Amino acid sequence: MNIKLFGIEKIYKEKNRAIQALGGINLDINEGNYVTLVGPSGSGKTTLLSIIGGLIKPTSGDIYFDSKKLTHLPDHHWSTLRKKHFGFIFQKKVIIPHLTVLENIMVPLVFDEERSSHIQIKARAEELLADFEMETRKNDYPDKLSGGELQRVTIVRSLMTNPRLLLADEPTGDLDKKSSEKIINALKNLNKNGMTIIMVTHNMDLARTSRTIYSIKEGRIEKVLKG
Amino acid sequence: MIGKSSLNKKLNITWLAYRDLARNNFWFIMKLVLFLLWGMILINLGILYSLDIKLRYDILEKWVFLLILISLNLAFLLFSYTLFSLTTKKRQDEFGILRSLGARRSEIFHLILQESVIIPVIVSILILVLEIFLLLYYRLEIHSLFNIEYGFAFFLTFGKFFFLNAALQFLIIFFSLFPSALYFSRLDPYYILRY
């Protein structure tokens with residue numbers, strides 16, 4: 001999935017003042033690339049990631065996926081794109097508390113009209129859980145899991161639909177070194193298998209594992225650190 | 001959208017979410033119920049006490065069942081709105097996850113409505129059954145209030161009362177749930193997941 005951004009601006013309006021989060025971002029990400037956006041807090045990294053994923057709309061500028069302009073696409077088309085082609089990993093480990101690990105992972109396919117049978121969905125979920133060494137925790141509820149395990153569940157969930165683009169916001173967040181390494185290796189392997197990854201992080205060790213690093217400051221791409 | 005698998009049932013009818021809610025907010029709900037009951041009693045006593053003895057006697061004789069009906073409906077309004085706020089606000093993150101995974105606004109809207117409507121509807125049916133007994137108990141007062149004879153006219157008034165209350169409770173459910181369901185389904189997942 002090739003992604004092109006032209007002059008992306010985002011201005012948040014709060015009562016009597018306007019805050020510019022992004023000021024004219026131009027970016028070109030080729031299929032199979034592994035891109036990291038680094039920068040200080042409030043520099044606009046997460047806003048940019050959310051705009052690419054269609055979670056919020058830019059104030060101005062254009063977004064192209066595979067040469068198709070998506071800027072003014074209606075909300076339900078963005079929903080279809082997210083369902084079919086995008087996977088999200090959030091900094092906040094958002095899991096549905098009253099579903100087990102296995103059920104949480106199966107959720108993305110509930111909203112897919114062309115979904116496979118329940119048995120096929122379950123088989124895929126179990127296969128992915130085994131890949132991430134989580135098969136023994138499949139019947140546990142989220143409150144029994146550690147931070148690292150919860151993050152692995154969100155990664156597995158984001159992979160259920162076999163996305164072409166993975167958007168990760170601080171995937172290692174506040175995890176310990178061992179858990180972080182597991183997640184770093186998982187992301188590297190996914191990219192080796194051809195998945196395009198765009199990640200936001202403060203962690204330079206994690207950023208160095210990617211192929212391209214962009215530094216963002218005050219809503220603008222300041223420099224290319226790698227790639 | 002909703003199929004027959006157990007997962008879909010869990011997502012659609014979130015008894016587990018209600019169980020979770022009851023477990024975490026048990027004392028809050030108990031306090032709310034006691035508050036509502038005390039509120040109902042105090043309002044009624046306050047109204048009665050503020051009147052002179054003759055009027056108080058008339059009220060007790062003729063209007064007390066109307067006061068009970070109004071109190072019941074007010075309590076129901078508070079109950080359905082509070083239950084909705086507790087369940088939905090607590091689950092904002094969940095709706096954000098579903099939106100980020102590709103659920104449409106309309107799907108979230110239907111999900112919230114389906115889930116939130118079950119308990120208020122059950123309570124509404126219980127209240128309506130209670131009201132039938134109240135109306136039967138106070139049938140003499142209805143008879144004297146509206147100056148109508150027993151027979152067809154009496155049962156017509158009885159029926160009107162009942163259906164008026166059913167319609168009122170439907171409106172309470174509708175207005176306490178519909179605008180909020182619309183609001184939550186239209187929230188950007190970005191804001192839900194970030195903050």
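Right above here is the structure, for reference.
In this text the structure is predicted, and so the values were computed from the model without any measurement.

(A) Structural detail: the overall build of chain B. On a plain count of helices and strands, chain B comes out with eight helices and zero strands. Counting from the amino terminus, chain B carries its helices and strands in the arrangement α-α-α-α-α-α-α-α. Out of the 195 residues belonging to chain B, those deemed buried represent 44%. Long-range contacts, defined here as pairs at least 24 residues apart, represent 79% of the contacts in chain B between residues at least 6 apart.

(B) Representation of the sheet that holds strand β4 (residues 60-65) of chain A in the model. Residues and elements named next belong to chain A. Ordered by their spatial adjacency, four strands build an open sheet running β2-β1-β4-β5, and the pairing between neighbours is antiparallel. Each edge of the open sheet carries a strand with a single partner, namely β2 (17-29) and β5 (68-69). Two elements, β4 and β5, share two bridges in a ladder whose sense is antiparallel. Paired with tyrosine 64 across the two strands is lysine 69, which belongs to β5. Packing against the sheet, helix α1 (residues 45-52) makes contact with β1 (3-14), β2 and β4, and its axis sits at approximately 120 degrees to β1.

(C) Expanded view of the nonpolar core. Ranked by internal contacts, the top residues of the largest apolar core, which has 61 residues, are Ile3, Leu5, Leu48, Ile52, Phe65, Phe86 and Ile198 of chain A. Beyond its immediate stretch of four places on either side in the chain, isoleucine 198 of chain A contacts Ile3, Ile29, Val35, Leu37, Leu49, Ile52, Leu165, Leu166, Leu167 and Ala168 of chain A.

(D) Quick peek at the side chain of serine 124 of chain B. Residue placement: serine 124 of chain B occurs in helix α5 (residues 105-137). What serine 124 of chain B contacts, discounting residues up to four positions off in sequence, is Phe76, Gln169 and Ile173 of chain B.

(E) Summary view of the packing of helix α5 (residues 147-159) of chain A against helix α6 (residues 177-192) of chain A. Residues and elements named next belong to chain A. Between α5 and α6, the shortest axis-to-axis distance is 9 Å and the interhelical angle comes to 15 degrees. Taken together, the axes of α5 and α6 are roughly parallel relative to one another. Crossing handedness for the pair α5 and α6: right-handed. Contacts from Gly148, Gln151, Arg152, Ile155 and Leu159 in α5 reach Ser179, Lys182, Ile183 and Leu190 in α6. A breakdown of the residues in the contact of α5 with α6 according to their chemical character gives four nonpolar, three polar and two charged.

(F) Quick peek at unusual backbone geometry. Phi is positive for serine 67 of chain A, close to 65 degrees, though the residue is something other than glycine. Judged by relative accessible area, which is 69%, serine 67 of chain A ranks as exposed.

(G) Examining the side chain of aspartate 75 of chain A more closely. Relative to the assigned elements, aspartate 75 of chain A resides in helix α2 (residues 75-85). Dropping the residues within four chain positions of it, aspartate 75 of chain A is found in contact with Lys57 of chain A together with Arg99 and Arg105 of chain B.

(H) Representation of the packing of aromatic side chains within the structure. Residues and elements named next belong to chain B. By the definition in use, this model includes eight aromatic pairs over all chains. Each ring, one from phenylalanine 109 and one from phenylalanine 178, has its centre 5.3 Å from the other, and the planes form 90 degrees; the classification is edge-to-face. Residue phenylalanine 109 is found in helix α5, and its partner phenylalanine 178 is found in helix α7 (residues 152-186); the two are separated by 69 residues along the sequence. By relative accessible area, phenylalanine 109 is classed as buried at 12%. Here the aromatic rings of phenylalanine 170 and phenylalanine 174 are separated by 6.3 Å at their centres, their planes lie at 25 degrees, and the arrangement is stacked. Of the two residues, phenylalanine 170 and phenylalanine 174 are both situated in helix α7; the distance of four residues between them amounts to about one turn of the helix. Taking the relative accessible area as the measure of exposure, phenylalanine 174 reaches 33% and is therefore partly exposed. Of the aromatic side chains, those joined through ring pairs into one cluster are Phe109, Phe170, Phe174 and Phe178.

(I) Here's a closer look at the pairing of strand β9 (residues 212-217) of chain A. All names here are of chain A. Among the six residues of β9, five are classified as buried, and the element is accordingly described as predominantly covered. Examined bridge by bridge, strand β3 (residues 34-38) and β9 share four bridges and lie parallel to one another. Opposite valine 35, over in β9, you have threonine 212 as the bridge partner. Bridge count between β9 and strand β10 (residues 220-226): five bridges; the pairing is antiparallel.

(J) Inspection of the environment of glutamate 149 of chain A at higher detail. All names here are of chain A. Positionally, glutamate 149 belongs in helix α5. For the pair glutamate 149 and valine 101, spaced 48 residues apart in the sequence, the C-alpha separation amounts to 9.9 Å. Those residues in contact with glutamate 149 that lie beyond four places of it in its chain are Met134 and Arg137.

(K) The sheet that holds β9 of chain A, seen in detail. Residue and element names in this part refer to chain A. The strand order across the open sheet formed by six strands is β6-β7-β8-β3-β9-β10, and the pairing between neighbours is mixed. Taken across any chain shown, the strands that pair with only one partner, and hence form the sheet edges, are β6 (86-89) and β10. Each strand of the sheet is rotated relative to its neighbour by a mean of 20 degrees, with strand direction disregarded. Where α2 meets the sheet, its contacts fall on β6 and β7 (165-169), and the angle it forms with β6 comes to roughly 80 degrees. Along the sheet face, α5 touches β6 and β7 and points at about 170 degrees away from the line of β6.

What counts, and at which threshold
Residues numbered from 1 in each chain as written. Chains lettered and ligands numbered in written order. Predicted model: local features only at pLDDT ≥ 70, side-chain atom pairs only at ≥ 80, totals over all residues. Heavy atoms only, no water. Helix = DSSP H or I, 4+ residues; strand = E, 2+ residues; numbered from the N terminus. Buried < 20%, exposed > 50% of the residue type's maximum accessible area, 1.4 Å probe, protein only. Contact = heavy atoms within 4.5 Å. Pairing = 2+ DSSP bridges. Axes fitted to C-alpha atoms, helices over the stretch in contact; angles between N-to-C directions. Core = buried A, V, L, I, M, F, W, Y, C linked by side-chain atoms within 4.5 Å. Parallel < 35°, antiparallel > 145°, perpendicular 65-115°, else oblique. Left-handed = near helix turned anticlockwise from the far one by under 90°. Nonpolar A, V, L, I, M, F, W, Y, C, P; charged D, E, K, R; others polar. Phe/Tyr/Trp six-rings, centres within 6.5 Å; stacked < 30°, edge-to-face > 60°.

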